[in-house]
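# Residue-level structural notes
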Amino acid sequence: MFAYLRSVWDEPRPPRGAARLWWDWALVAVLLLVAVLETVLRTDLGSRVGSLVVAAVLLPLLLLRRSRPLLAVAVAFGVAAVASLVFGGEPELNVTVFMVLFPFSLFRWGSGREAVLGLAIMLGKVGLSAVLGFISAGEAVGGIAVLGTACAVGAAVRYRGRARARELDQVKLLERERLARDLHDTVAHHVSAMAIRAQAGLATAASRPEAATEALGLIESEASRALAEMRTMVRALRHDESADLAPSPTVADVALLASPGRPGPEVEVRIDGSVDDLPKSVGTAIYRLAQESVTNARRHARHATRIEVSVVVGDSSVQVRVSDDGDTGGTAVPGHGLIGMMERADLLGGSCDAGPNAGRGWTVTAVLPLTGARR
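Read on for an overview of the structure. (Residues numbered from 1 in each chain as written. Predicted model: local features only at pLDDT ≥ 70, side-chain atom pairs only at ≥ 80, totals over all residues. Heavy atoms only, no water.)

The next subject is the overall build of the protein chain. What the protein chain contains, in helices and strands, is ten helices and five strands. A burial count over the protein chain gives 39% of its 375 residues as buried. Long-range contacts, defined here as pairs at least 24 residues apart, represent 76% of the contacts in the protein chain between residues at least 6 apart. Roughly 20300 Å² of accessible area belongs to the protein chain as shown, and the carbon and sulfur atoms make up 63% of that amount. (Helix = DSSP H or I, 4+ residues; strand = E, 2+ residues; numbered from the N terminus. Buried < 20%, exposed > 50% of the residue type's maximum accessible area, 1.4 Å probe, protein only. Contact = heavy atoms within 4.5 Å. Areas by Shrake-Rupley, 256 points an atom, 1.4 Å probe, with all protein chains shown as cover.)

Under the criterion given, the structure shown has six salt bridges. Between glutamate 268 and arginine 306 there is a salt bridge, with its nearest N and O atoms 2.6 Å apart. Here the residue glutamate 268 occupies a position in strand E1 (residues 266-272), and arginine 306 occupies one in strand E2 (residues 306-313), the gap between them amounting to 38 residues. Judged by its relative accessible area of 33%, arginine 306 falls in the partly exposed class. Overlapping salt bridges, with partners in common, bring together Asp24, Arg65 and Arg66 in one network. (Salt bridge = Lys/Arg side-chain N within 4 Å of Asp/Glu carboxyl O.)

Moving on, we get to the nonpolar core. Side chains that are nonpolar tend, in soluble globular proteins, to be buried together. Ranked by internal contacts, the top residues of the largest apolar core, which has 33 residues, are Phe77, Phe98, Met99 and Phe102. Top contributing element to this core by residue count: helix H4 (residues 69-87), with seven residues. Sequence-distant contacts of methionine 99, defined by excluding residues within four places in its chain, comprise Leu58, Ala76, Phe77 and Ala80. Counting 29 residues, the second-largest nonpolar core is a separate cluster that includes Val282, Ala285, Tyr287 and Leu348. (Core = buried A, V, L, I, M, F, W, Y, C linked by side-chain atoms within 4.5 Å.)

What follows concerns the environment of isoleucine 307. By the secondary structure assignment, isoleucine 307 is in strand E2. Linking isoleucine 307 and serine 323, residues 16 residues apart in sequence, is a C-alpha distance of 5.7 Å. Here isoleucine 307 is in contact with Pro265, Glu266, Val267, Glu268, Val294, Ala297, Arg298, Val322, Ser323 and Asp324, once residues within four sequence places are set aside.

Moving on, we come to the packing of helix H5 (residues 101-109) against helix H6 (residues 112-131). Following both chains from N to C, one finds H5 and H6 inclined at 160 degrees, their axes separated by 9 Å at the closest point. It follows from the interaxial angle that H5 and H6 lie roughly antiparallel. When the axes of H5 and H6 are compared, the crossing they make is left-handed. Touching Pro103, Leu106 and Phe107 of H5 are Glu114, Ala115, Gly118, Leu119 and Met122, all from H6. By residue class, the composition of the contact of H5 with H6 is six nonpolar, one polar and one charged. (Axes fitted to C-alpha atoms, helices over the stretch in contact; angles between N-to-C directions. Parallel < 35°, antiparallel > 145°, perpendicular 65-115°, else oblique. Left-handed = near helix turned anticlockwise from the far one by under 90°. Nonpolar A, V, L, I, M, F, W, Y, C, P; charged D, E, K, R; others polar.)

Further remarks concern H4. Compared with an ideal rise of 1.5 Å per residue, which puts 19 residues at 27 Å, H4 spans 27 Å between its outermost C-alpha atoms and is within 8% of the ideal. Taken residue by residue, H4 has Pro69, Leu70, Ala72, Val73, Ala76, Phe77, Ala80, Ala81, Ala83 and Ser84 as its buried positions. Positive phi appears at glycine 88, one or two residues downstream of H4, with a value of about 70 degrees. (Expected span 1.5 Å × (residues − 1).)

This is the structure:
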């Protein structure tokens, strides 16, 4: 039991996004307007000015609920306790229901010790109101239940976000492993070529001394390419798993994705430019990106009849574009497949974007530099 409590106390804060968003300010403005209207329209308020002042003091604390959740809870419930003592009762405005956002934010964004301290502050406020007779025992139990529910929802969202982050990390790791295996074939090819050139140079060095110089030049070229590929490979992660020994696909294999006469949407492939001199890592990545995009379109593009795959090789980069004419049903959250594609493109120094078309359909566009790796 002590170990569990210790782990809760030592729980760190989760990674946070923006401390404040535009709709946080909009929420404060709307709630302040509602507080003013309620103060003006309600006839059963004991202290109109006091109730409005309390609400006006509490509302700006919503802007701190992500960056300073414990401070927001301490000040909010502290102000509410002081107001209860001053006015001899609980805040009368119904708009103060927004205070449930403070315990939610505390358990969503706060550390373990902040959650424990904040929970103590909230329970202390409810207990004080009950002892002083501002609320009945039943109301105190109901208040604790509401606070507990808000805390539980905040904790659930927190750990769901953590689980989602772990899933995304796993997808990225698996994609890095696949990339490392693909690059392994490329580096092995270069090293084998260097060994063959060296053997040929040694065999002919006695009769043709210039052959040794030619072999050294070719070895230097192959070594430069191998080092470029290795710079990319060391960016990826590998585990002690058996390697996939199947030959790595190339850009030429993208044509195999075409599906004339097959069930489902028709896949058309167009390749513009010379693909013979592409680095093998880039060619393999282009195939993987096109393959995953076509697979996603077949699975998720409802009522699609056509999938177009376009590969364009330029002077410094190569672009792959996969577009379908299906019904996307609105903007979708990036799935694991798309996240994996983005990770592969990023590791090779490129980019990968996806989104709905202006009318129907979905398009994935990836651009990779011909170098195959960021320098």
